[in-house]
Amino acid sequence: VLKMENSNSKQNILNVAICLFSKSGFSNVSVREIADAVGIKSASLYYHFPNKQSIYLGALEHFFSNKAVLFTKVLESDKSALERLELFIYKFTEVMSNDEDFRRLLQREMLDGDEERLKYLADKVFKEQFRAIGQLIKQISPECDPHMLTISITSLILHHLETAPIRKLLAGHKPEHDQPDYIARHVYKLLTNGILSHE
């Protein structure tokens with residue numbers, strides 16, 4: 001059971017909730033379980049949130065907001081478009097490789113397919129960064145489809161991380177293949193030497 005100092009604070013509730021949701025999924029976590037894990041009564045939790053859905057959506061936004069600041073800083077820097085793309089790929093790989101809870105939660109959402117929660121993710125969590133990456137890609141390769149290429153970049157990175165347990169058992173695996181810098185460099189080279197130059 002997770003216990004936290006100042007456990008009745010909204011932020012602590014969100015931190016605990018994201019961990020529980022990532023491990024068990026939205027349907028398998030109750031409000032009582034969240035309250036118990038935080039170390040408060042359910043009534044105290046309802047002081048901050050009207051229902052489980054609001055806890056879940058609040059946790060998603062809270063969890064991503066800290067990361068969004070890092071991505072925005074990279075995407076809005078004064079470096080060249082290609083340098084910003086490279087920095088974004090490295091930062092995104094680093095953040096996602098170090099945050100298994102968030103990565104696992106994204107996987108669960110894709111599998112659950114709940115339209116309301118997916119729409120919330122798209123509008124409140126990913127919208128601005130997705131738009132900024134698309135604009136960056138258009139600067140680099142004006143003829144490309146920014147939507148498809150943005151999805152491809154993030155998918156390449158996430159799939160490398162998600163398949164790590166089985167990749168280690170396949171022929172040719174090397175320890176460095178699991179290092180965030182190595183994955184980021186591979187994805188960046190793949191894009192700049194292939195896809196972007198031939199769009």
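Predicted, not measured: the structure shown is a model, and the values here were computed from it. (Residues numbered from 1 in each chain as written. Predicted model: local features only at pLDDT ≥ 70, side-chain atom pairs only at ≥ 80, totals over all residues. Heavy atoms only, no water.)

Draft legend 1. Representation of the packing of aromatic side chains in the model. A full pass over the atoms with the stated rule returns seven aromatic pairs. Residues Phe21 and Phe26 carry aromatic rings whose centres are separated by 5.9 Å and whose planes lie at 20° to one another, so their mutual orientation is stacked. Here the aromatic cluster, defined as three or more aromatic residues joined through ring pairs, consists of Phe21, Phe26 and Tyr56. In this arrangement the basic side chain of Lys52 is found over the ring face of Phe26, its NZ or CZ atom lying 4.3 Å from the centre. Sitting over the ring of Tyr56, Arg117 keeps its end group 5.1 Å from the ring centre. (Phe/Tyr/Trp six-rings, centres within 6.5 Å; stacked < 30°, edge-to-face > 60°. Lys NZ or Arg CZ within 6 Å of the ring centre and 35° of its normal.)

Draft legend 2. Here's a closer look at the nonpolar core. Within the largest apolar cluster, 55 residues are counted, with the highest numbers of intra-cluster contacts made by Phe21, Ile34, Leu45, Ile55, Phe88 and Ile89. The greatest single-element share of this core, amounting to eleven residues, is contributed by helix 4 (residues 52-75). Setting aside residues no more than four positions away along its own chain, Ile89 makes contact with Ile153, Ile157, Ala184, Val187, Tyr188 and Leu191. (Core = buried A, V, L, I, M, F, W, Y, C linked by side-chain atoms within 4.5 Å. Buried < 20%, exposed > 50% of the residue type's maximum accessible area, 1.4 Å probe, protein only. Helix = DSSP H or I, 4+ residues; strand = E, 2+ residues; numbered from the N terminus. Contact = heavy atoms within 4.5 Å.)

Draft legend 3. Layout of the packing of helix 4 against helix 6 (residues 100-112). Two elements in contact, helix 4 and helix 6, have axes separated by 11 Å at closest approach and are oriented at 130°. Between helix 4 and helix 6, the interaxial angle falls into the category oblique. For the crossing formed where helix 4 meets helix 6, the hand is left-handed. Together, Tyr56, Leu60, Phe63, Phe64 and Lys67 of helix 4 and Asp101, Phe102, Leu105 and Glu109 of helix 6 make up the contact between the two elements. (Axes fitted to C-alpha atoms, helices over the stretch in contact; angles between N-to-C directions. Parallel < 35°, antiparallel > 145°, perpendicular 65-115°, else oblique. Left-handed = near helix turned anticlockwise from the far one by under 90°.)

Draft legend 4. Looking closely at the pattern of salt bridges. One pass over the full model with this rule turns up eleven salt bridges. Glu100 is paired through a salt bridge with Arg104; the nearest N and O atoms lie 3.6 Å apart. Of this pair, Glu100 and Arg104 are both found in helix 6, four residues apart, which corresponds to roughly one turn of the helix. Residues Arg131 and Glu128 are paired through a salt bridge, measuring 3.0 Å at the closest nitrogen-oxygen approach. Separated by three residues within a single helix, Arg131 and Glu128 lie in helix 7 (residues 115-140), roughly one turn from each other. (Salt bridge = Lys/Arg side-chain N within 4 Å of Asp/Glu carboxyl O.)

Draft legend 5. Helix 1 (residues 10-24), seen in detail. The terminal C-alpha atoms of helix 1, which comprises 15 residues, lie 21 Å apart, in line with the 21 Å expected from a rise of 1.5 Å per residue. Where helix 1 is concerned, the buried positions are Asn12, Ile13, Leu14, Val16, Ala17, Ile18, Cys19, Phe21 and Ser22. Here the buried face of helix 1 lies against helix 2 (31-38), helix 3 (42-48), helix 4 and helix 6. Count one or two residues on from helix 1 and you reach Gly25, which has phi positive near 90°. (Expected span 1.5 Å × (residues − 1).)

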